[in-house]
Amino acid sequence: MSSVLILVEGQTEERFVKDVLAPSLAEHGVYVVPKILVTKIVKAGANFKGGVTSFSHFERDLRLLLRDSSATMVTTMIDLYGLPDDFPAISQTRELPYSERVAALTETLRQHFNDQRFRPYFSTHEFEAIILPFLEVVAKATGGVVPASSLAASDPESVNFINPPSKRLRALFGNYRKALHGPTVTRRIGLPELRRRCPLFDAWIAHMEALNRNAPFF
């Protein structure tokens, strides 16, 4: 049995990991645990969670996960959109295509943390990007109707930053709610179809599936 700790950006990603990703990986003997990024620590009451406000917050939480010697792999589920400029390689790679930018960011972070168990995953955009090709499923989940003029995204991993996925979905389906409908839609679509549309997302999951087959991470 292998264990994977995933630093996630918010509740929607946490729900996706628990409801969709975890059952699939369990079939490969891989146990995954999502941890929401803490954005503010308070002395009394609950900490503030969700979103990446600074690299120092990200680094603090990631190093806490890396201290867990029982973890076979430590990874992330965070999007590039909105990452602060103090993140290594963010400003310098802003004009690169998604795949090249992710590769540069991943390599920079791997060198920075210097732990072979660490394999970061960054999507271009927020979680909703991977469900943009499936507007009919979103419509059924929200009780809406897909407008005749709407076009589903054919390449969700290359969605631009001008019109974020959640805003697109709310414009099409007024009652769309990220934390409620996002996980519901991904469950209905199914992980195999999501992976087929998103090659980098698929590669990330494939690495986790291979942990019990003595396959190299990279």
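Residues numbered from 1 in each chain as written. Predicted model: local features only at pLDDT ≥ 70, side-chain atom pairs only at ≥ 80, totals over all residues. Heavy atoms only, no water.

Points about the overall build of the protein chain
Here is step 1 of the chain: Broken down by element type, the protein chain carries 8 helices and 7 strands.
Here is step 2 of the chain: Per-residue burial over the protein chain gives 52% buried out of 218 residues.
Here is step 3 of the chain: By sequence separation, contacts in the protein chain at least 24 residues apart represent 72% of the contacts at least 6 residues apart.
Here is step 4 of the chain: Summed over all atoms, the accessible surface of the protein chain reaches about 10,600 Å², with 52% contributed by carbon and sulfur. (Helix = DSSP H or I, 4+ residues; strand = E, 2+ residues; numbered from the N terminus. Buried < 20%, exposed > 50% of the residue type's maximum accessible area, 1.4 Å probe, protein only. Contact = heavy atoms within 4.5 Å. Areas by Shrake-Rupley, 256 points an atom, 1.4 Å probe, with all protein chains shown as cover.)

Digging into the pairing of strand β2 (residues 30-36)
Here is step 1 of the chain: Side chains Val30, Val32, Pro34 and Ile36 project from β2 onto a buried face, and the interleaved Tyr31, Val33 and Lys35 project onto a face without burial.
Here is step 2 of the chain: Here strand β1 (residues 2-8) runs beside β2; their pairing, made up of 7 bridges, is parallel. Across the sheet, the residue bridging to Leu7 is Lys35, located in β2.
Here is step 3 of the chain: The β-α-β motif built from β1, the intervening helix α1 (residues 11-26) and the parallel element β2 has right-handed crossover chirality. (Pairing = 2+ DSSP bridges. Right-handed = clockwise from strand over helix to strand, strands pointing away.)

Concerning the packing of aromatic side chains
Describing an aromatic ring pair means giving the distance of the ring centres and the angle of the ring planes.
Here is step 1 of the chain: Here the structure, examined in full by the defined rule, presents 10 aromatic pairs.
Here is step 2 of the chain: On the numbers, 5.0 Å between centres and 80° between planes, the contact of Phe55 with Phe87 is edge-to-face. Of the two residues, Phe55 is situated in helix α2 (residues 55-66) and Phe87 in the loop between β5 (73-79) and α3 (98-113); the sequence distance between them amounts to 32 residues.
Here is step 3 of the chain: On the accessibility criterion, Phe55 (8% relative accessible area) is buried.
Here is step 4 of the chain: Here the aromatic residues Phe55, Phe58, Phe87, Phe113 and Phe118 are joined through ring pairs into a cluster of three or more. (Phe/Tyr/Trp six-rings, centres within 6.5 Å; stacked < 30°, edge-to-face > 60°.)

Here's the deal with the packing of α1 against helix α8 (residues 199-209)
Here is step 1 of the chain: Their axes nearest at 10 Å, the elements α1 and α8 cross at an angle of 55°. Relative to α8, α1 is oriented oblique. The element α1 and its partner α8 pack so that their crossing is right-handed. Between α1, through Phe16, Leu21, Ser24 and Leu25, and α8, the contact on the second element is made entirely by Phe201, Trp204, Ile205, Met208 and Glu209.
Here is step 2 of the chain: Residue composition of the contact of α1 with α8, by class: 7 nonpolar, 1 polar and 1 charged. (Axes fitted to C-alpha atoms, helices over the stretch in contact; angles between N-to-C directions. Parallel < 35°, antiparallel > 145°, perpendicular 65-115°, else oblique. Left-handed = near helix turned anticlockwise from the far one by under 90°. Nonpolar A, V, L, I, M, F, W, Y, C, P; charged D, E, K, R; others polar.)

Here's the deal with unusual backbone geometry
Here is step 1 of the chain: Here the phi dihedral of Ala89 falls at roughly 75°; this positive angle occurs in a residue that is not glycine.
Here is step 2 of the chain: According to the relative accessible area criterion, Ala89 is buried, its value standing at 8%.
Here is step 3 of the chain: In the Ramachandran plot, Asn114 falls in the positive-phi region, its phi being about 50° despite a non-glycine side chain.
Here is step 4 of the chain: Turning to its location among the elements, Asn114 is positioned in the loop between α3 and β6 (118-119).

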